[in-house]
Amino acid sequence: MAQTSFRHDINWLRALAVIAVVLYHFKTPYFNSGFIGVDIFFVISGFLMTGIITKKDKPITLISFYTSRFLRIFPALCFVVIFMMIAGFFILSTKEYEELNINAIASLLFFSNKYYALHSSYFDTSSENNFFLHTWSLSVEWQFYLLYPIIILLINKIKIPIKIALLTLFIISFTSVAFNLFRNNENLFYSLSARAWEMVSGGLIYVFSGHHGKLKSRPFLTIIGTLLVIYSIYNIDNTNSWPNIYTALPVAGAAIIIASNNQNSRFIRNKILQYIGSVSYSWYLWHWPVIVLMRHYNITFCFMNIAFGILISFIIANLSYHLVETPLRQKQKVKTDLIAGISIVVLCLFSFYTNGMAFRLKGDVNDIVSFRFNNEKWRPDTCFLNPTQDYSDFLKCNDKITHESIVVWGDSHAAQLMPGLMLSLKGENIAQRTSSLCGPLLNAENNQRPHCKNINTHVFNEILLSKPKLVIMAAFWSQYPFKDYLSSTLKELSKSGIRTLVIGPFPFWHEPLPKEIEIHGLNAQKTLPVALFESKKQVRDNDQKIKSIVEHDENAKYISALEVLCNTSACKATIGESPVIPMQWDNAHLTNQGSEWFINQIGIQIK
């Protein structure tokens with residue numbers, strides 16, 4: 001059977017892949033590794049694209065190739081973006097709407113994989129509210145479409161055998177993954193170069209079967225390949241480091257199924273699975289926004305809600321397939337698609353540069369939702385280390401710890417104090433030693449931050465060596481085992497006569513404070529009720545527990561941030577009059593102006 005004829009086995013494989021992805025994202029039991037469906041799509045793409053580019057009976061130009069790929073991907077994607085822009089205007093906060101629009105731009109211009117590599121991790125809960133997170137794979141595919149035909153043309157131009165050339169590309173890409181040559185897990189997951197071997201494996205199946213894609217039917221291989229795919233879905237760990245060598249299992253399974261060329265099996269010809277394969281792209285596009293909407297409205301993922309969500313996403317996918325994807329795939333529609341895409345990108349840019357169309361809100365609330373935080377004063381990557389950095393990176397920080405220093409030690413909740421300290425304590429030698437996700441607890445392990453224990457050991461030794469006049473310790477305490485390590489840390493400092501000031505937990509809101517203000521408004525006192533705290537009781541309890549630990553050490557003093565910012569019923573929410581600035585820019589961290597106000601309130605206890 002020639003590759004140019006319809007491949008029922010590939011359509012069936014699409015169905016298998018999209019079912020795995022959808023059920024994984026809906027957190028369906030036994031589909032813990034359904035994300036491998038995307039890897040299967042990559043193999044399929046590599047096989048089909050190699051066939052299109054290398055067929056000799058109908059040579060294809062780059063323009064016609066790019067046009068056909070654009071028409072295949074863009075119209076349905078554009079429809080999803082339009083829908084979410086309209087819906088988001090009514091249901092999202094201005095900040096969320098701004099983020100929706102910048103994510104939409106990244107998706108429509110096919111660089112979302114690069115953008116998300118810099119701003120989020122696919123497996124992090126922080127990514128779960130991104131309506132367009134799943135478009136990273138489309139960006140990877142489009143980048144593959146741009147480069148792959150050019151590479152093939154160059155291979156033919158310099159007369160390198162295509163089998164050898166593709167095999168070389170496969171080895172280079174796979175080796176880089178196997179030996180983890182990427183800078184971090186985000187670059188690994190979202191990178192085309194880390195995924196190229198998956199696509200090239202499909203190309204290898206094509207060229208090794210003959211340049212015209214003529215394959216003998218080997219039904220027994222279908223069983224082997226299917227078992228490999230099913231095993232991968234059920235048994236591969238949900239890991240932050242993906243792809244890795246285990247990715248070879250689903251990739252091999254998909255490649256074997258394609259190589260088997262089994263067109264006549266009743267199971268493969270099953271009408272339901274064949275139909276799912278046909279609408280798989282639209283279903284992939286729509287299932288994720290449905291999931292994020294469910295999270296937005298706090299809909300629990302119980303059996304009935306999961307089933308309903310899956311059904312709704314499939315119904316919308318069908319509408320998209322028949323009303324948008326299929327009719328707008330025609331070549332005569334390319335101008336319409338381009339004009340629509342450009343118009344949407346322009347509208348998204350307008351929304352982004354107007355802070356999520358914040359002009360629809362008036363007065364103080366407009367000031368607050370228009371506020372954008374810049375953490376430059378935290379001195380990131382030098383005095384405030386990111387999760388990939390270890391202690392040696394503090395060499396980039398110009399702060400030297402001396403006997404006259406005030407040392408700021410902790411995580412981002414310590415770094416947030418720096419704007420206020422630098423303003424209030426001008427002339428003082430303030431030495432910052434802060435690292436994200438790393439509380440100032442000696443000998444404490446932290447799975448989120450592999451370098452944390454080592455960082456704290458070195459900071460502690462620096463402090464002991466220099467004996468500064470004060471150490472200020474602050475952290476997002478609920479994230480760390482402070483009940484086990486804070487007392488011993490203070491005791492070790494106290495032995496050397498080092499005075500410490502421990503700052504307790506800050507208010508932690510259900511939603512980012514600007515969003516809470518946008519939803520609930522401000523009263524005359526410009527406060528918000530403590531009822532809006534996330535786990536209010538836990539914050540209060542931790543405040544008292546830390547206070548109790550600190551008060552047992554004669555060289556340590558405790559400051560309750562809650563008592564500074566809140567009374568029994570409400571917390572201070574804003575700073576200033578014109579413009580009005582939120583006290584905190586997210587759920588917990590102070591704005592720079594908030595930091596200055598807070599340090600001004602407690603300054604006498606520091607001096």
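Above this text is the structure in question.
Note that this is a predicted model, so its numbers are computed, not measured.

### A closer look at the state of the cysteines
- Inspection of the entire model under this criterion finds three disulfides.
- Here C438 pairs with C452 through a disulfide, and the sulfurs are 2.1 Å apart. Sign of the S-S torsion, about 90° for the bond between C438 and C452, identifies this disulfide as right-handed. With a gap of 14 residues between them, C438 in the loop between β3 (429-435) and α19 (452-466) and C452 in helix α19 connect regions that are remote in the sequence. Here C438 and C452 have matching classes, each one buried.
- Across a sulfur-sulfur distance of 1.9 Å, C566 and C571 are joined as a disulfide pair. Residues C566 and C571 are joined by a disulfide whose S-S torsion is about 100°; by sign, that bridge is right-handed. In this structure, C566 and C571 share a single accessibility class: buried.
- Along the protein, the cysteines that take part in disulfide bonds pair up as 1-2, 3-4, 5-6, counted in sequence order.
- Looking at the unpaired C78, the closest cysteine sulfur is the one in C348, lying at 9.1 Å.

### Focus on the packing of aromatic side chains
- If you walk through the whole model with that rule in mind, you get 39 aromatic pairs.
- Aromatic side chains W142 and Y145 sit 6.2 Å apart centroid to centroid with 85° between the ring planes, which places their arrangement in the edge-to-face category. One end of the pair, W142, and the other, Y145, are both in helix α6 (residues 136-157), three residues apart, so they sit about a helical turn from each other.
- Of the residues examined, Y145 reaches a relative accessible area of 5% and is grouped as buried.
- Ring geometry for Y391 against F394: centres 5.7 Å apart, planes inclined by 70°, an arrangement best described as edge-to-face.
- Given the relative accessible area of 4%, F394 is considered buried.
- The cationic tip of R195 hangs over the ring face of F189; the distance from NZ or CZ to the ring centre is 4.7 Å.
- A cation over a ring is seen here: R433 above F394, with NZ or CZ 5.4 Å from the ring centre.

### Things to note about the sheet that holds strand β7 (residues 556-559)
- The sheet built from six strands is open, its strands ordered β1-β3-β2-β4-β5-β7 with parallel pairing. Two strands bound the open sheet, and with one partner strand each, they are β1 (384-385) and β7.
- As paired strands, strand β5 (residues 500-503) and β7 are joined by four bridges and run parallel to one another. Residue pairing across strands places V502 opposite Y558, the latter belonging to β7.
- Along the sheet, helix α20 (residues 482-495) makes contact with β2 (405-410), β4 (470-474), β5 and β7, crossing β4 at roughly 170°.

### Quick look at the packing of α19 against α20
- Two numbers describe how α19 lies on α20: the axes approach to 10 Å, and their chain directions differ by 25°. On the basis of the axis angle, α19 is roughly parallel to α20. Facing F460, I463 and L464 of α19, the residues of α20 in contact are T489, E492 and L493.
- Looking at the contact of α19 with α20 residue by residue, the classes come out as four nonpolar, one polar and one charged.

### Notes on the packing of helix α3 (residues 62-91) against helix α4 (residues 94-108)
- α4 packs onto α3 with a crossing angle of 175° between their chain directions and a minimal axis gap of 10 Å. Classified by the angle between their axes, α3 and α4 sit roughly antiparallel to one another. On α4, the residues that touch F74, L77, C78, V81, M84, M85, G88 and F89 of α3 are Y97, L100, N101, A104, S107 and L108.

### Section: the pattern of salt bridges
- Summed over all chains, the structure comprises 18 salt bridges.
- As a salt-bridge pair, D39 and R195 come within 2.6 Å of each other at their nearest N and O atoms. Placement of the pair is D39 in helix α2 (residues 36-54) and R195 in helix α9 (residues 192-208), with a sequence separation of 156 residues.
- Judged by relative accessible area, D39 falls into the buried class, the value being 0%.
- Between E492 and K495 there is a salt bridge; the shortest N-O distance is 3.3 Å. A residue pair is termed a helical-turn pair when its members lie 3 or 4 positions apart in one helix, as E492 and K495 do in helix α20 at three residues.

### Concerning the side chain of R195
- Among the residues examined, R195 registers a relative accessible area of 1% and is labelled buried.
- At 3.1 Å, the side chain of R195 forms a polar contact with the backbone oxygen of F189.
- Leave out the neighbours within four places in its chain, and R195 touches D39, F42, W136, V140, F189, W242 and P243.

### Some thoughts on the nonpolar core
- Formed by 106 residues in total, the largest nonpolar core has its most connected members in M49 and W136.
- No other element matches α3, which puts 13 residues into this core.

### Considering the pairing of β5
- Of the two faces of β5, both are covered, the one formed by T500 and V502 as well as the one formed by L501 and I503.
- As paired elements, β4 and β5 share four bridges and run parallel to each other. Within the sheet, the bridge partner assigned to A474 lies in β5 and is I503.
- Traced from β4 through α20 to β5, the parallel crossover comes out right-handed.

### Overview of the environment of E445
- Residue placement: E445 occurs in the loop between β3 and α19.
- Linking E445 and M304, residues 141 residues apart in sequence, is a C-alpha distance of 40 Å.
- Side-chain polar atoms of E445 contact the side chain of K453, separated by 3.3 Å.

### Some points on unusual backbone geometry
- In this structure, the amide linkage connecting W242 to the following residue, P243, adopts the cis form with an omega of 5°.
- Cis geometry is found at the peptide bond from S578 to P579, where omega equals 5°.
- Positionally, P579 belongs in the loop between β9 (574-575) and β10 (581-582).
- Here the phi dihedral of K159 falls at roughly 60°; this positive angle occurs in a residue that is not glycine.
- Note on placement: K159 falls in the loop between α6 and α7 (162-178).
- Not every positive phi belongs to a glycine, and K467 is a case in point at roughly 50°.

Thresholds applied
- Residues numbered from 1 in each chain as written.
- Predicted model: local features only at pLDDT ≥ 70, side-chain atom pairs only at ≥ 80, totals over all residues.
- Heavy atoms only, no water.
- Disulfide = S-S within 2.5 Å.
- Helix = DSSP H or I, 4+ residues; strand = E, 2+ residues; numbered from the N terminus.
- Buried < 20%, exposed > 50% of the residue type's maximum accessible area, 1.4 Å probe, protein only.
- Phe/Tyr/Trp six-rings, centres within 6.5 Å; stacked < 30°, edge-to-face > 60°.
- Lys NZ or Arg CZ within 6 Å of the ring centre and 35° of its normal.
- Pairing = 2+ DSSP bridges.
- Contact = heavy atoms within 4.5 Å.
- Axes fitted to C-alpha atoms, helices over the stretch in contact; angles between N-to-C directions.
- Parallel < 35°, antiparallel > 145°, perpendicular 65-115°, else oblique.
- Nonpolar A, V, L, I, M, F, W, Y, C, P; charged D, E, K, R; others polar.
- Salt bridge = Lys/Arg side-chain N within 4 Å of Asp/Glu carboxyl O.
- Polar contact = N/O pair within 3.5 Å; in protein donor to acceptor, adjacent residues only side chain to side chain.
- Core = buried A, V, L, I, M, F, W, Y, C linked by side-chain atoms within 4.5 Å.
- Right-handed = clockwise from strand over helix to strand, strands pointing away.

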